[in-house]
Amino acid sequence: MSEEKTNADVAALPFEAAMKELEAIVARLERGDVPLEESIAIYTRGEALKARCDALLKQAEARIERITLGADGKPTGAAPLDVES
């Protein structure tokens, strides 16, 4: 089975599922009891899962807005969240 086929489903995973699977892969690799070929395969999948999680976090970050307040302290609208500040 090709790497593309084994990782094709990653693009459809929700964040929580991708993170859970990534954590399981890290735990398996840290134990050190995985055969070399399988280690390579799950490491590659882990990279794909990490990329998926990063992309989903960036999408969520882009959607987060902060509420803007007027001089009277009442909400006047929303502005994009400036994560650098």
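Since this is a predicted model, take the numbers as computed values, not measurements. Residue positions are given per chain, counted from 1 along the sequence in the order it is written. Where local features are concerned, this predicted model is filtered to residues with pLDDT of at least 70; where side-chain atom pairs are given and counted, the filter is 80 or more; whole-chain, interface and lining totals use all residues. To obtain the side-chain values, all non-hydrogen atoms of the structure were used and water was disregarded.

1. Describing the overall build of the protein
The condition that has to hold: Secondary structure elements are defined from DSSP: runs of H or I of at least 4 residues count as helices, runs of E of at least 2 residues count as strands, and each element is numbered from the N terminus. Burial here depends on accessible area, computed with a 1.4 Å probe over protein chains only, as a share of the maximum for the residue type. Under 20% is buried, over 50% is exposed, and the range in between is partly exposed. In short, Shrake-Rupley with a 1.4 Å probe defines the accessible areas, and a residue's cover is counted only from the protein chains shown.
Helix and strand content of the protein: three helices and two strands. Counting over 85 residues, the protein shows a buried share of 21%. For the protein, the exposed area adds up to about 6500 Å²; of that, 58% sits on carbon and sulfur atoms.

2. Side note on helix H3 (residues 36-63)
Short version of the rule: Helix span is expected to be 1.5 Å times the residue number reduced by one.
With 28 residues, H3 should cover 40 Å at 1.5 Å per step; its first-to-last C-alpha distance of 41 Å lies within 8% of that length. Buried residues of H3: Ser39, Ile42, Thr44, Arg45, Gly46, Leu49, Arg52, Cys53 and Leu56, and no others.

3. Here's the deal with the pattern of salt bridges
Note the following rule: Counted as salt bridges are all cases of a side-chain nitrogen of Lys or Arg within 4 Å of a carboxyl oxygen of Asp or Glu.
One pass over the structure, following the stated rule, counts five salt bridges. For Arg45, the salt bridge is made with Asp9, and the minimal N-O distance between the two is 3.0 Å. Taken together, the positions of Arg45 in helix H3 and Asp9 in the loop between helix H1 (3-7) and helix H2 (15-31) put the pair 36 residues apart, joining distant regions of the chain. The exposure class of Asp9 is partly exposed, given its relative accessible area of 37%.

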